[in-house]
Amino acid sequence: MENIIGTKISEVLDGMKVEGSDRVLLSVMLHDVVFDNQRAIFDLVQLGHLTPASALLRVLFEAHVRGIWLFACATDKQVQQYKKDSVKSRVKPKNNIPFQEMISDIEKEMPHLNGSLSDFKKNHWKGLNGLTHSGTQQFKYQFNNGEMRRKYSDDYAETLLDFSKRLAIHSLGSLGKIVKSTKIIQCCINLSSEHISQPFNKSIQPTASGGD
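Residues numbered from 1 in each chain as written. Predicted model: local features only at pLDDT ≥ 70, side-chain atom pairs only at ≥ 80, totals over all residues. Heavy atoms only, no water.

The next point concerns the overall build of the protein. Scanning the protein for helices and strands turns up 9 helices and 2 strands. Rg of the C-alpha trace for the protein: 18 Å, near the compact-globule value of 17 Å for 212 residues, within the 12% margin. Each of the three principal axes of the protein carries a C-alpha extent, and together these read 60 × 40 × 30 Å. Taking all 212 residues of the protein together, 45% fall into the buried category. Long-range pairs, those at least 24 residues apart, make up 70% of the contacts in the protein between residues at least 6 apart in sequence. Summed over its atoms, the accessible surface of the protein is roughly 11700 Å², and 51% of this surface lies on carbon and sulfur atoms. Placing the 27 positive and 23 negative side-chain charges of the protein at their respective mean positions leaves the two points 8 Å apart. (Helix = DSSP H or I, 4+ residues; strand = E, 2+ residues; numbered from the N terminus. Rg over C-alpha atoms; globule rule 2.2 N^0.38 Å. Buried < 20%, exposed > 50% of the residue type's maximum accessible area, 1.4 Å probe, protein only. Contact = heavy atoms within 4.5 Å. Areas by Shrake-Rupley, 256 points an atom, 1.4 Å probe, with all protein chains shown as cover. Lys, Arg positive; Asp, Glu negative; His and termini not counted. Charge placed at Lys NZ, Arg CZ, Asp CG, Glu CD.)

So this is what it looks like as structure tokens:
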């Protein structure tokens with residue numbers, strides 16, 4: 001099975017030149033984290049390593065949101081704070097910025113999202129945290145005669161791939177706008193029409209299957 005999304009993204013980004021401010025460079029690098037994790041998730045799934053693949057989902061989602069926020073919403077001061085890995089909240093300047101504040105900033109700047117990022121976080125954040133931080137969702141075992149066997153539902157691998165490809169395609173579109181590349185934006189449009197037919201509404205918490 002070929003990673004079509006990862007391959008096409010790598011091809012369209014080949015030779016891309018990035019010039020500009022720290023805001024631009026950091027945003028591009030965050031979206032590149034999304035692409036890198038999409039490829040890693042695909043490879044792990046193909047090898048049957050669904051547990052570590054699951055742990056990368058939150059990394060991918062956070063990098064996507066941070067890439068958008070840093071370019072479109074962060075103040076110049078916050079951009080410089082990001083370089084030191086200590087971004088402060090605009091609401092409570094003495095505190096580090098919470099992830100939800102980044103999402104809220106994005107949705108104020110981009111009302112056409114219709115709160116989709118907040119809805120996604122509300123529905124999946126607990127599951128993402130559990131998968132990344134060794135929550136019980138990571139422990140899907142069935143014991144038979146003292147032998148430990150990992151079990152997942154039949155469609156869970158497909159859910160991991162679907163999640164990662166959607167975020168990678170969306171990050172590609174954001175990156176295309178950052179570097180003002182019609183070629184990259186057109187690639188995003190093509191990939192969206194070919195591979196995203198409906199909103200993501202699957203559970204990203206693994207469910208144990210019943211067979212051996």
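Our focus in this paragraph is the packing of aromatic side chains. Overall, the coordinates contain 5 aromatic pairs when judged by the stated rule. Consider the rings of Phe120 and Phe163, whose centres lie 5.6 Å apart with planes at 35 degrees: the pair is tilted. You can see Phe120 sitting in helix 7 (residues 116–132) and its partner Phe163 sitting in helix 8 (residues 156–178), a full 43 residues away along the chain. An identical accessibility class is assigned to Phe120 and Phe163; each is buried. (Phe/Tyr/Trp six-rings, centres within 6.5 Å; stacked < 30°, edge-to-face > 60°.)

With that settled, consider the nonpolar core. Ranked by size, the top nonpolar core spans 53 residues in total, and within it Phe61, Trp69 and Leu172 carry the most contacts. No other element matches the 10 residues that helix 8 contributes to this core. Those residues within four positions of Phe61 in sequence are excluded, and the remaining contacts are Phe99, Leu117, Phe120, Trp125, Leu128, Phe163 and Leu167. (Core = buried A, V, L, I, M, F, W, Y, C linked by side-chain atoms within 4.5 Å.)

According to the stated counting rule, one finds 9 salt bridges in the structure shown. A salt bridge links Asp36 to Arg39, with the shortest nitrogen-to-oxygen separation between them at 3.3 Å. On the criterion of helical spacing, the pair formed by Asp36 and Arg39 is a turn pair, its members being 3 residues apart in helix 2 (residues 22–46). Residues Glu62 and Arg58 are paired through a salt bridge, measuring 3.0 Å at the closest nitrogen-oxygen approach. Taken as a pair, Glu62 and Arg58 lie in helix 4 (residues 57–72) at a separation of 4 residues, close to a single helical turn. Here Glu62 matches Arg58 in class, with each residue buried. In this structure, a network of salt bridges that share partners links the residues Arg58, Glu62 and Arg66. (Salt bridge = Lys/Arg side-chain N within 4 Å of Asp/Glu carboxyl O.)

A few words now on the confidence of the model for the protein. On average, residues of the protein score 89 in pLDDT, and 91% of them reach the 70 mark or higher. Looking over the protein, one finds the lowest element-wise mean pLDDT in strand 1 (residues 141–144), namely 70, and the highest in helix 2, namely 97. The low-confidence segment residues 208–212 (pLDDT under 50) makes 13 contacts with residues lying over four places distant or belonging to another chain. (pLDDT = per-residue confidence, 0-100.)

Glancing now at unusual backbone geometry. Most peptide bonds take the trans configuration, and most residues that are not glycine carry a negative phi. The phi dihedral of Asp85 falls on the positive side, at around 60 degrees, and the residue is not glycine. The topology assignment puts Asp85 in the loop between helix 5 (76–83) and helix 6 (99–109).

Time to look at the packing of helix 2 against helix 8. Axis separation between helix 2 and helix 8 bottoms out at 9 Å; the angle between their running directions is 160 degrees. When the interaxial angle is binned, helix 2 and helix 8 end up roughly antiparallel. Viewed along their axes, helix 2 and helix 8 form a crossing whose handedness is left-handed. Each of Val24, Ser27, Val28, His31, Val34, Phe35, Gln38, Ile41, Phe42, Val45 and Gln46 in helix 2 lies in contact with helix 8, whose residues at this interface are Ala157, Leu160, Leu161, Ser164, Lys165, Leu167, Ala168, Ser171, Leu172, Ser174, Leu175 and Ile178. Class assignment for the residues of the contact of helix 2 with helix 8 results in 15 nonpolar, 7 polar and 1 charged. (Axes fitted to C-alpha atoms, helices over the stretch in contact; angles between N-to-C directions. Parallel < 35°, antiparallel > 145°, perpendicular 65-115°, else oblique. Left-handed = near helix turned anticlockwise from the far one by under 90°. Nonpolar A, V, L, I, M, F, W, Y, C, P; charged D, E, K, R; others polar.)

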